[in-house]
Amino acid sequence: ETLFKINEIIQEKHYKPKALNDSLSKYVFTAFLSELDENNKLFLVNEIENLKKHQYKIDDYIETKDCQFLKDFYKVYSTAIVRNNKIYNELEKELISFESTETILFSREPFPYVSNEIELQKRIKKTTIFQILKNIAETSKNKDSLIQNFSKLSIQSKKKVFELYKCKTAELNYSELEFNSKFLNVFCSYFDPHTSYFSKEDKTNFLTSVSSNNLSFGLMLVLNENDDVIIQNIIPGSSAYFSEKIEEVKP
């Protein structure tokens, strides 16, 4: 019902609405999968193939007010999240060897989905070991010092990598309502980059952020490329500004 009404509003009020057809279905299908799994590290080939039956039918579902397809997506997504958590939990307990002749490849484009859980385990293990080693390498430019302290640094780095994964995973455990809201937002984005769907929570957060009565410390926090929380900006006239004890992190 919500999706049907959103489309009605867009078709009536949008400056240049787009037709409800297979092009919309293809875009929404592809964009939603990318939103859920941007780097193709979550789903398996057979799961994607199973979902492809909906690829050109989403426009028809909207017309008939049939959103059963979203339940199919949510079931596959929930299964994938549980599977990945299991892989990471087992890997965290494993005594990882850093002596290996294996190689790791990088690409600007996402790699294809893997065909089974064993391949997924290998991909996750490789990327995890790389991240641990990357963290170690970034602690110092002194190679001798790194080699001498490698054992201690590897333990610290491994702990950081898995703590970060758990933090990110907690954000990915969507309720069905949150999951559907993400889809509705992707649907709106088809018409233009500035058309968005706000759930009740999103609306509240947005109104709070633009309210003149909004109270804050005057800090703008972001995650850097290492996923560390840093202070990007201090708002002039704020509590943080007058404290003279807080500094912005320069790029």
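Small disclaimer: the values here were computed from a predicted structure and weren't measured.

## Details of the confidence of the model for the chain
And step 1. In the predicted model, the chain carries a mean pLDDT of 91, and 98% of its residues have values of at least 70.
And step 2. Ranking the elements of the chain by mean pLDDT puts helix 10 (residues 200-210) last, at 82, and helix 3 (residues 45-51) first, at 97.

## Regarding the pattern of salt bridges
And step 1. One pass over the full model with this rule turns up nine salt bridges.
And step 2. Salt-bridge contacts for E47 lead to R83; the nearest nitrogen and oxygen are separated by 2.8 Å. Highlighted residues: E47 in helix 3 and R83 in helix 5 (residues 68-93), separated in sequence by 36 residues. Note on accessibility: E47 and R83 belong to one class, buried.

## Focus: the side chain of N7
And step 1. Along the chain, the position of N7 falls in helix 1 (residues 2-13).
And step 2. Among all residues touching N7, those that are not within four sequence positions of it are L20, I62, F187 and F191.

## Comments concerning the layout of surface pockets
And step 1. The calculated volume of the largest pocket comes to roughly 1,600 Å³.
And step 2. Around the largest pocket sit 44 residues that line it, and N39, K41, Y88, T127 and K168 are the ones nearest its centre.
And step 3. Of all the secondary structure elements, the ones that give two or more residues to the lining of the largest pocket are helix 2 (22-36), helix 5, helix 6 (117-137) and helix 8 (150-172).
And step 4. At eleven residues, helix 6 tops the list of elements feeding residues into the lining of the largest pocket.
And step 5. Residue composition of the lining of the largest pocket, by class: 17 nonpolar, ten polar and 17 charged.
And step 6. Reported here for the second largest pocket is a volume of approximately 570 Å³.
And step 7. Lining of the second largest pocket is provided by 22 residues; of these, L177, E178, N180, S181 and S199 occupy positions nearest its centre.
And step 8. Among the residues making up the lining of the second largest pocket, the classes are represented as seven nonpolar, six polar and nine charged.

Cut-off values and rules
Residues numbered from 1 in each chain as written. Predicted model: local features only at pLDDT ≥ 70, side-chain atom pairs only at ≥ 80, totals over all residues. Heavy atoms only, no water. pLDDT = per-residue confidence, 0-100. Helix = DSSP H or I, 4+ residues; strand = E, 2+ residues; numbered from the N terminus. Salt bridge = Lys/Arg side-chain N within 4 Å of Asp/Glu carboxyl O. Buried < 20%, exposed > 50% of the residue type's maximum accessible area, 1.4 Å probe, protein only. Contact = heavy atoms within 4.5 Å. 1 Å grid on protein atoms, 1.4 Å probe; cavity = no way out; pocket = protein on both sides within 12 Å on 5 of 7 lines; lining within 4 Å. Points joined across faces, edges and corners; volume = space filled by probe spheres on them. Nonpolar A, V, L, I, M, F, W, Y, C, P; charged D, E, K, R; others polar.

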